[in-house]
Amino acid sequence: MRPRLTVLTLGVDDLPRAVAFYRDGLGWPTPGIVGQEFAHGAVAFFDLQPGLRLALWPRADLAHDAGVPAGPRSATECSLGHNVASAAAVDDVMAAAARAGAAVVKPAGRTFWGGYAGYFQDPDGHLWEVVWNPDWEG
């Protein structure tokens, strides 16, 4: 297996609300919800960068498709990282996320390793870190 990720799927509680957060609140383009004609098929896709898409899929439908029981939500299972080009850009993204309805769980600030970062949760509790790393390109 090549070390490559092509789709990152987030299980959500309310698909239209999740689509509105990412599309309307954060400004990410999407063709909207597709697959509604199929049982357990409604999903929304967002192109993140060449070769990588974000999929939003109802949590119960994801569990059904995988053949596993739906578990409780947990923000600490993983976090999604969004690297930007400057500390000011961290503040801008954090503010945009808050305006879109995100819960800012850790306001942006200097990190122990010399960067600048903050955390927010989307409406389904998924944890996003917005970060500027002076040693990485944004």
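Right above here is the structure, for reference.
Just so it is clear, the model here is predicted, and its values are computed rather than measured.

## A word on the sheet that holds strand 8 (residues 127-132)
Part 1 of the reasoning: An order of 5-8-7-6 is seen for the four strands of this open sheet, with the pairing classed as mixed. For this open sheet the edge positions go to strand 5 (79-83) and strand 6 (103-110), each flanked by a neighbour on one side alone. Averaged over all neighbouring strand pairs, the angle between strand axes comes to 15°, with direction disregarded.
Part 2 of the reasoning: Of the strand pairs in this sheet, strand 5 and strand 8 are connected by five bridges, and their pairing is parallel. In the sheet register, Ser79 faces strand 8, and the bridge partner there is Leu127.
Part 3 of the reasoning: Those strands touched by helix 3 (residues 87-100) are strand 5, strand 6, strand 7 (116-121) and strand 8, and its axis lies near 10° from that of strand 7.

## Overview of unusual backbone geometry
As a rule of thumb, non-glycine residues mostly have phi less than zero, and peptide bonds are mostly trans rather than cis.
Part 1 of the reasoning: Positive phi is not limited to glycine here, since His40 has a value of about 65°.
Part 2 of the reasoning: Here His40 is to be found in the loop between strand 2 (33-34) and strand 3 (43-49).

## With respect to the sheet that holds strand 3
Part 1 of the reasoning: Strand order in the open sheet made by the four strands is 1-4-3-2, with mixed pairing throughout. Because the sheet does not close on itself, it has two edges, and the strands there are strand 1 (7-12) and strand 2.
Part 2 of the reasoning: As paired elements, strand 1 and strand 4 (residues 52-58) share six bridges and run parallel to each other. Paired with Gly11 across the strands is Trp57, a residue of strand 4.

## Re the pattern of salt bridges
Part 1 of the reasoning: What the rule picks out here adds up to five salt bridges.
Part 2 of the reasoning: Asp13 is paired through a salt bridge with Arg73; the nearest N and O atoms lie 3.3 Å apart. Taken together, the residues Asp13 in the loop between strand 1 and helix 1 (15-25) and Arg73 in the loop between helix 2 (59-66) and strand 5 connect sequence positions 60 residues apart.
Part 3 of the reasoning: Looking at Asp13, the relative accessible area reads 45%, which means it is partly exposed.
Part 4 of the reasoning: Exposure remark for Arg73: the relative accessible area of 44% places this residue in the partly exposed category.
Part 5 of the reasoning: Look at the salt bridges and you will find they share partners, linking Asp13, Arg59 and Arg73 into a network.

## Some words on the environment of Gly41
Part 1 of the reasoning: Among the structural elements, Gly41 can be located in the loop between strand 2 and strand 3.
Part 2 of the reasoning: A residue is classified by how much of its surface remains accessible, and Gly41, at 19% relative accessible area, is buried.
Part 3 of the reasoning: Separated by 21 residues in the primary sequence, Gly41 and Leu62 place their C-alpha atoms 9.2 Å from one another.

Parameters and conventions
Residues numbered from 1 in each chain as written. Predicted model: local features only at pLDDT ≥ 70, side-chain atom pairs only at ≥ 80, totals over all residues. Heavy atoms only, no water. Pairing = 2+ DSSP bridges. Helix = DSSP H or I, 4+ residues; strand = E, 2+ residues; numbered from the N terminus. Axes fitted to C-alpha atoms, helices over the stretch in contact; angles between N-to-C directions. Contact = heavy atoms within 4.5 Å. Salt bridge = Lys/Arg side-chain N within 4 Å of Asp/Glu carboxyl O. Buried < 20%, exposed > 50% of the residue type's maximum accessible area, 1.4 Å probe, protein only.

Honestly, that's just the spatial picture; any functional story needs more than this.
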